[in-house]
Amino acid sequence: MEITAPESWLVAFKQHCKHHPYLIIALLASVILITLLILHSIHLGEQAYLKYALLGGTAGFLATAAGTLPALFIKEIPRKLSDAMLGFAAGMMLAASAFSLLLPGIEAAIDFTGSSFLGSMVVLFGMVIGVALMMGLDEFVPHEHMDSGPCGAGHEACSRAWLFVFAIALHNFPEGMAIGVGYAQGDLSVGVPLTTAIALQDIPEGLAVALTLRATGFSTVFSVLIAAATGVLEPLGSILGVSLAGGFMIAYPIGLGLAGAAMLFVVSNEVIPETHSNGNKTVATIGLMIGFALMMLLDTTLG
């Protein structure tokens, strides 16, 4: 499995920076802001809920790994079923973004600022950071979209296996970050429904990824192991999420807005286009609506 040499990737990265100056500025600004929030949280020693975030992220990892297991015995499933499953995952992610991230973020921000307008603007600021981060990573990290092919700086020198690994990492990391942010203030009414939703949608998602890798020509064991291993990004992301939102009180709604926007970006930029690229838009939309409704019920019941 060949991967881009550091020097060749740097050349490609510099070329990308020249062609996309605003995106690299946005990416750097978002990374700097996130780093400052994390450093402040560490300085305050606000890691009381780290164990909850790790447990939530680990649940996402285990669900992803469990979802890959059927790929040991089956090589493919009907494309219509695959699109319906991914649509279901997209629906849960959309509802989780709204009900478990953005709305609680707005409520927390309003409590902090005492103003509906200012509270909404705080969450909107977090969303801008999240979108800038994901747009920058999508542009500069070499990876492959299942519907539109390889992209990102230096993707020409990467093997297809690595491109898939990076793509799945870009998908799973925001989910882990969302789980961590959900537990940053110890509010289980936010963290538990969010963890449940992400873990449930990780099961069909893990299977779809493993089967896609098999269909691309990779061995059965390799496909399952790689698809399962990408779930490790969720507990890692949860550590980042709980850290960036655990410092300033205002960092909590900012973090919720950031995580919500990152998940919305993944759904709109990757999952929905993929499910609509095979002529199964109606089936995928029905799956999305079912996933959305289930997450709404989970949030109401567990929240």
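Going by the structure above, here's the rest.
All values derive from a computational prediction rather than experimental measurement.

**With respect to a nonpolar patch on the surface**
Part 1: A grouping of Leu28, Ile32, Leu33, Leu36, Leu39 and Phe125 is seen on the molecular surface, where their side chains present a nonpolar patch of about 560 Å² in accessible area.
Part 2: Counting residues per element, the nonpolar patch draws most heavily on helix α2 (residues 21-44), at 5 residues.
Part 3: For leucine 36, the location among the structural elements is in helix α2.

**Some thoughts on the nonpolar core**
Part 1: Of all hydrophobic cores here, the largest spans 55 residues; its most connected members are Ile34, Leu101, Ala178, Leu244, Tyr252 and Met263.
Part 2: Of all elements in the fold, only α2, α4 (79-113), α5 (116-140), α6 (160-182), α7 (188-216), α9 (233-244), α10 (251-275) and α11 (281-302) reach the threshold of two or more residues within this core.
Part 3: When residues in this core are grouped by element, the largest group, 12 residues, is from α10.
Part 4: Beyond its immediate stretch of four places on either side in the chain, leucine 101 contacts Ala96, Ala178, Leu194, Leu256, Ala259, Gly260 and Met263.
Part 5: Ile77, Met85, Leu213 and Val224 belong to the second-largest nonpolar core, a separate cluster that totals 13 residues.

**What to know about the packing of α4 against α5**
Part 1: Where α4 meets α5, the closest approach of the two axes is 7 Å, and the angle between their N-to-C directions is 130°. Taken together, α4 and α5 sit at an angle that is classed as oblique. Handedness of the crossing formed by α4 with α5: right-handed. From α4, Leu102, Gly105, Ile106, Ala109, Ile110 and Thr113 reach across to α5, where they touch Ser116, Leu118, Gly119, Ser120, Val122, Val123 and Met127.

**What about the packing of helix α3 (residues 50-68) against helix α8 (residues 220-229)?**
Helices that pack against each other are described as a pair by the angle of their axes relative to one another and the distance between those axes.
Part 1: Running from N to C, α3 and α8 point in directions that differ by 160°, and their axes come no closer than 8 Å. One finds that α3 runs roughly antiparallel with respect to α8. Crossing geometry of α3 relative to α8 is assigned as right-handed. Residues Phe61, Thr64, Ala65 and Thr68 of α3 form the contact with α8, whose participating residues are Val224, Ala227 and Ala228.
Part 2: Tallied by class, the residues present in the contact of α3 with α8 amount to 5 nonpolar, 2 polar and no charged.

**Considerations on the environment of alanine 178**
Part 1: Within the element layout of this structure, alanine 178 appears in helix α6.
Part 2: Along the chain, alanine 178 and glycine 257 lie 79 residues apart, while their C-alpha atoms are 9.5 Å from each other.
Part 3: Not counting residues up to four positions away in its chain, the partners in contact with alanine 178 are Leu101, Leu194, Ile198, Ala259 and Met263.

Rules of the game
- Residues numbered from 1 in each chain as written.
- Predicted model: local features only at pLDDT ≥ 70, side-chain atom pairs only at ≥ 80, totals over all residues.
- Heavy atoms only, no water.
- Patch = residues over 30% accessible without salt bridge, like charges linked within 9 Å, V, L, I, M, F, W, Y side chains within 5 Å.
- Areas by Shrake-Rupley, 256 points an atom, 1.4 Å probe, with all protein chains shown as cover.
- Salt bridge = Lys/Arg side-chain N within 4 Å of Asp/Glu carboxyl O.
- Helix = DSSP H or I, 4+ residues; strand = E, 2+ residues; numbered from the N terminus.
- Core = buried A, V, L, I, M, F, W, Y, C linked by side-chain atoms within 4.5 Å.
- Buried < 20%, exposed > 50% of the residue type's maximum accessible area, 1.4 Å probe, protein only.
- Contact = heavy atoms within 4.5 Å.
- Axes fitted to C-alpha atoms, helices over the stretch in contact; angles between N-to-C directions.
- Parallel < 35°, antiparallel > 145°, perpendicular 65-115°, else oblique.
- Left-handed = near helix turned anticlockwise from the far one by under 90°.
- Nonpolar A, V, L, I, M, F, W, Y, C, P; charged D, E, K, R; others polar.

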